[in-house]
Amino acid sequence: GAVVSQHPSRVICKSGTSVKIECRSLDFQATTMFWYRQFPKQSLMLMATSNEGSKATYEQGVEKDKFLINHASLTLSTLTVTSAHPEDSSFYICSARVDTSEYYEQYFGPGTRLTVT
Amino acid sequence: QQQVKQSPQSLIVQKGGIPIINCAYENTAFDYFPWYQQFPGKGPALLIAIRPDVSEKKEGRFTISFNKSAKQFSLHIMDSQPGDSATYFCAACTSGTYKYIFGTGTRLKVLA
């Protein structure tokens, strides 16, 4: 259980275009999903918290207008990188919150490698 | 206050050895400490987690030791195998925020 998928796994786009990344919880409903960014050989940086049916909460320093997050259903959250530039090239990973008897665990998707040329 | 300090940055052990990865925190409000394993090009996978009311937890070959007074916790991998070669991240979380603060990661290599 607790499987999270992402699509696409890799995407290459030209500078100035927009890219949408999907994050789905496959076998459970996720009221809260998170979006992270990871640079090579570095840790995960939380970008935003996505709650179903409400606006996302962005971390300090993350541009809301550049990284649009929509959590329209209990199984799907999307991240749209608008007007992408080469510096947006990174590994984007989503996670979904799962409430267990012990705590609120996070299960991660496989990630999306974005390359902006 | 919100940081989680992780060490070492990298670690090389022989097969069968017991690598130990350490994490330290300052925020006493943290009340959940998970460990994740990440292979190159993949998302992190939850390995094991502990609450501060427990000093040790074992799951298979993975053990977490927790020292509440020192605000430190560590991951031990028993009988390590080449397939354990990956990057390991510790994390900490506070009830109600649901947000994880991740350590900087440890790249482990287990030699055959």
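Structure's up top.
What comes next is a walk through the structure. Since the structure is predicted, the reported quantities are computational estimates derived from the model, not experimental observations.

### A word on the overall build of chain B
Then, number 1: Helix and strand content of chain B: zero helices and eleven strands.
Then, number 2: Listed by position from the N terminus, the elements making up chain B come as β-β-β-β-β-β-β-β-β-β-β.
Then, number 3: Against the compact-globule benchmark of 13 Å for 112 residues, chain B has a radius of gyration of 13 Å, which places it among compact chains.
Then, number 4: Overall, the C-alpha framework of chain B stretches about 40 × 30 × 20 Å when taken along its three principal axes.

### What to know about the interface of chain A and chain B
Frequently, the measure chosen for interface size is the accessible area removed from exposure when the parts meet.
Then, number 1: Contact residues are listed per partner, giving 22 residues for chain A and 23 residues for chain B.
Then, number 2: Buried surface at the junction of chain A and chain B, summed over both partners, amounts to about 1,900 Å²; 56% is from carbon and sulfur atoms.
Then, number 3: Counting every contact that joins chain A to chain B gives one salt bridge.
Then, number 4: Between B:Lys99 and A:Glu59 there is a salt bridge, with its nearest N and O atoms 3.0 Å apart.
Then, number 5: Summed over the shared surface of chain A and chain B, the number is eight residue pairs in polar contact (both at pLDDT 80 or more).
Then, number 6: Where the side of chain A that touches chain B is concerned, the elements lending two or more residues are strand E4 (32-38), strand E5 (44-51), strand E9 (90-99) and strand E10 (104-108) of chain A.

### Topic: the sheet that holds strand E8 (residues 72-77) of chain B
All names here are of chain B.
Then, number 1: The strand order across the open sheet built from five strands is E1-E3-E8-E7-E6, with neighbouring strands paired in antiparallel fashion. Unpaired on one side and paired on the other, strand E1 (4-7) and strand E6 (56-59) mark the two borders of the sheet. Taken over all neighbouring pairs, the strand axes of this sheet differ in orientation by 15° on average, direction set aside.
Then, number 2: Two elements, E1 and strand E3 (residues 20-25), share four bridges in a ladder whose sense is antiparallel. In the sheet register, Gln6 faces E3, and the bridge partner there is Cys23.

Definitions and cut-offs
- Residues numbered from 1 in each chain as written.
- Chains lettered and ligands numbered in written order.
- Predicted model: local features only at pLDDT ≥ 70, side-chain atom pairs only at ≥ 80, totals over all residues.
- Heavy atoms only, no water.
- Helix = DSSP H or I, 4+ residues; strand = E, 2+ residues; numbered from the N terminus.
- Rg over C-alpha atoms; globule rule 2.2 N^0.38 Å.
- Contact = heavy atoms within 4.5 Å.
- Buried area = accessible area lost by both parts, 1.4 Å probe.
- Salt bridge = Lys/Arg side-chain N within 4 Å of Asp/Glu carboxyl O.
- Polar contact = N/O pair within 3.5 Å; in protein donor to acceptor, adjacent residues only side chain to side chain.
- Pairing = 2+ DSSP bridges.
- Axes fitted to C-alpha atoms, helices over the stretch in contact; angles between N-to-C directions.

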